[in-house]
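Coordinate analysis (summary)
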Amino acid sequence: MKTCSLQKIKFVICVLLFTSTLQAQQKWYKGNLHTHSYWSDGDEFPEMIMDWYKKNGYDFVALSDHNIIAEGEKWKKIRKDSLYQVAFQQYLEKYGEDWVNYRTDSAGTHVQLKTLEEFRPLFEKEEEFMIFRAEEVTAYLEGKAVHMGAINVQEVIEPQKGNTIVELIQNNLDAIMAQEKKSGEPILQHLNHPNFTYAISAEDIIQVDGERFFEVFNGHPYVNNYGDSIHSSTEEMWDRVNIAYLNMGKPIMYGLATDDSHHYHKFGSKFSNAGRGWVVVKADILHPHSLIRSMEAGKFYSSTGVEMEKVSFSDNRLDLKIKTEKGVDYTIQFITAKKDEPETKIVKTVKGTEASYQIRKDELFVRAKILSSKPKKNPYREGDVEVAWIQPYVYQK
C-alpha cells in the first residue's frame, strides 16, 4: 500500500473542504516561474529575491536555478565590486549575524547559501505566498542552448544528451516526466526562451511529444523574443506549433511570460531584471497541485502589465474584461487559425475594455492579445507597452 506525503494529505483535505463551492471561491494568483539566484548564475541571495517578489504583489515564485536545487551545502564568494559588497552588508543587516554564516579571508568574503527548506518559512503563508521547488534543466548541443523549466521537482534532474535539438528536447522532457511518474507529484515543464542562441525552431517543437508549455515572453535581454529578419518571433512560433499540434491530434501548447531574472542590482534593458513578465492562474487554492492542475487546463493568462477582470470560455465563446487603469487605452485582438491554413489571423479587433468572440467550427482555436497604451516600466526592449496574452481555446464539438 502506498503512503501519502504530508503535502499530498493536506492538499486532498483542502480540496474536499472546498468541493461544494470551488467555482465561487476560485482566485487569481500571480506568479513568476523563472527565477535565478546565487545558487547558480543570479547575483542575489534567495531570501532577498523572495522578499522582493512578495512585497511586489506576487503570490508564488519558482526558484529555478540551472541544474541545481537549493539544497545541501553551497558557498558563494561575494564579488569585490563595491556594489555587491554593499548588497552583502544589506543582506547581513536585514537577516542578522545569527542567520548569515560567512567567513572572510585573503580571498574575500564567502557566504553559505541558505537552502529552500531553511528560508521557506520566512516567506510562505497559506493563501498569501508560496515558493515552488524548481530547476532549469540546462543542456547544450554544439553551442546551442536547450533550457527547460521543471516546476515542483522533487530532486535534481540531470541534463540529458541528444544528437539533435529535437532529441535533446525530447530526452530532457522524458526525464522530467519520468520523475513526475516516479514521485507521484505533478511537475509543470516548460521550454524556455526558444530563440536564445536561435537554437530551437517551431519545426523542432512540432516534432516533440509531450510539450505543453513554452515561453512566449521572457524578460532576459538576450532571448530574441521578437525574432529578426530570418527568425520567427516566439509568438509566431507559438501559433505555428499549435496549428500543427491540433492537426496532428496533440494537445494545445500554452504560452508563458516569465522574468528569467538574474540581475538584482543593475537595471535597464541590458540586464535581466525582476518584474517583466508573469502568469496569473485561476485556481482553487495556493498549492502546487492546484496551480499546476489549473495551468494544465489553460486556466491562466500571461502578462507584462495588463490585468484581467474576466477570462471565460463557454459554449465556444471567449469573453474578456480588462481591469482598467485610468488614462490607459486598450486594444483587444482575437486571433484564430484554420485547419487548412499555415498561419493565424487577427479576425477581430476591439478598442475598449470588454469583448467576446464566438469561435467557428472551421477554426482550430482562438486566443487573444491585449495591448495597452501604457509604456512598460523597465522594459525588455525600449518602446514596449504593457501586454497580456490569453491562452488558446479549442473549438468544442
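For every chain, the first residue of the written sequence is number 1, and numbering continues from 1 onward in sequence order. The model is predicted, so local features are restricted to residues of pLDDT at least 70 and side-chain atom pairs to those at 80 or more, both for listing and for counting; the totals for chains, interfaces and linings are taken over all residues. Side-chain metrics rest on all non-hydrogen atoms present in the structure, leaving aside hydrogens and water.

1. Comments concerning the side chain of Q333
As a reminder, the rule being used: Each helix is a run of H or I in the DSSP string that is no shorter than four residues. Each strand is a run of E no shorter than two, and both are numbered from the N terminus. In what follows, a contact means two residues having at least one pair of non-hydrogen atoms within 4.5 Å.
Its location among the elements puts Q333 in strand β15 (residues 330–338). With residues up to four places along the chain from it excluded, the contact list for Q333 reads I346, K348, T349, R367, A368, K369 and L371.

2. Remarks on the environment of M48
Note the cut-off: Per-residue accessibility, obtained with a 1.4 Å probe over protein chains only, is compared with the maximum for each type, and a residue is labelled buried under 20%, exposed over 50%, and partly exposed between these values.
Tracing the backbone through its elements, the reader meets M48 in helix α3 (residues 46–55). The buried category is assigned to M48, whose relative accessible area is 17%. If near-sequence neighbours (up to four positions away) are discounted, M48 is found in contact with Y91, K94 and Y95.

3. Quick word on the packing of aromatic side chains
Applicable threshold: Centre distance within 6.5 Å is the pairing criterion for rings of Phe, Tyr and Trp, where only the six-membered ring of Trp is used; planes under 30 degrees apart are then read as stacked, over 60 as edge-to-face, and the remainder as tilted. Only when the NZ atom of a Lys or the CZ atom of an Arg is both within 6 Å of the ring centre and within 35 degrees of the ring normal do we say a charge sits over the ring.
Overall, the coordinates contain 20 aromatic pairs when judged by the stated rule. An angle of 90° between the planes, with centres 4.8 Å apart, marks the rings of Y53 and Y58 as edge-to-face. Aromatic rings pair up to connect Y38, F45, F88, Y91, Y95, W99 and Y102 into one cluster. Against the face of Y58 rests K30, its NZ or CZ located 4.4 Å from the ring centre.

4. Some remarks on the sheet that holds strand β17 (residues 354–358)
Stated precisely, the cut-off is as follows: By the convention used here, strands pair only if DSSP detects at least 2 bridges between them. The convention used is that axes are lines fitted to C-alpha atoms, helices contributing only their stretch in contact, and that angles between N-to-C directions extend from 0 to 180 degrees.
Reading across the sheet, the 3 strands line up as β13-β14-β17 and stay open at both edges, with antiparallel pairing between neighbours. Only two strands of the sheet have a single neighbouring strand rather than two, namely β13 (308–314) and β17. Across this sheet, the average inter-strand angle for adjacent strands is 5°, counted without regard to direction. Of the strand pairs in this sheet, β13 and strand β14 (residues 317–322) are connected by 6 bridges, and their pairing is antiparallel. Along β14, the bridge assignment pairs K310 with K321.

5. Brief notes about the sheet that holds strand β4 (residues 102–105)
In space, the 3 strands of this open sheet follow the order β3-β5-β4, with antiparallel pairing throughout. Each edge of the sheet is formed by a strand with only one pairing partner; in this case those strands are β3 (75–77) and β4. Between one strand and the next, the sheet's axes are offset by a mean angle of 20°, whatever the strand orientation. Across 3 bridges, β3 lies against strand β5 (residues 108–112) in antiparallel orientation. If you follow K77 over to β5, its bridge partner there is H110. Sitting on the sheet, helix α4 (residues 82–95) touches β4 and β5, and the angle it makes with β5 is about 40°.

6. Observations regarding the side chain of H66
Defined as follows: The term polar contact refers here to a pair of N or O atoms within 3.5 Å; inside protein, the definition further demands a hydrogen-donor-capable atom paired with an acceptor-capable atom, and it admits residues adjacent in sequence only when both atoms are side-chain atoms.
Considering the arrangement of structural elements, one finds H66 in the loop between β2 (60–63) and β3. At 3.5 Å, the side chain of H66 and the side chain of E136 are in polar contact. Residue contacts for H66: discarding those within four places in its chain leaves H36, S40, D41, E136, T138, H147 and H262.

7. Overview of the packing of α3 against helix α5 (residues 116–123)
Heads up, the condition is: The cut-offs work like this: below 35 degrees is roughly parallel, past 145 is roughly antiparallel, 65 to 115 is roughly perpendicular, and the gaps in between are oblique. Two helices cross in a left-handed way if the nearer one is turned anticlockwise from the farther one by less than a right angle. They cross in a right-handed way if the turn is clockwise. Ten residue types, Ala, Val, Leu, Ile, Met, Phe, Trp, Tyr, Cys and Pro, are classed as nonpolar, four, Asp, Glu, Lys and Arg, as charged, and the remainder, Gly among them, as polar.
Between α3 and α5, the least distance of the axes is 10 Å, while the angle of their chain directions is 30°. Judged by the inter-axis angle, α3 sits roughly parallel to α5. The way α3 lies across α5 gives a crossing that is right-handed. Here α3 contributes P46, E47, M50, D51 and K54 to the contact with α5, which in turn contributes F119, L122 and F123. Taken together, the residues of the contact of α3 with α5 break down into 5 nonpolar, no polar and 3 charged.

8. Examining the pairing of strand β12 (residues 300–303)
Alternating residues of β12 divide into F300 and S302 and Y301 and S303, and every residue in both groups is buried. The sheet contact formed by strand β11 (residues 278–283) and β12 spans 4 bridges and is antiparallel. Opposite V279, over in β12, you have S302 as the bridge partner. Direction of pairing for β12 relative to strand β19 (residues 385–394): antiparallel, over a ladder of 3 bridges. Each bridged residue has a counterpart across the sheet, and for Y301 the counterpart in β19 is I390.

9. Remarks on the pattern of salt bridges
What counts is decided by this rule: Definition used for salt bridges: Asp or Glu carboxyl oxygen within 4 Å of a side-chain nitrogen of Lys or Arg.
This structure, assessed with the given rule, holds 21 salt bridges. One salt bridge connects D51 with K94, and the closest N-O pair in it is separated by 3.7 Å. Taken as a pair, D51 in helix α3 and K94 in helix α4 lie far apart in primary sequence, 43 residues in all. Judged by relative accessible area, which is 40%, K94 ranks as partly exposed. The shortest N-O distance in the salt bridge between E363 and R360 comes to 4.0 Å. Assessed through its relative accessible area of 3%, E363 is described here as buried.

Any functional reading would require information that these geometric values do not contain.
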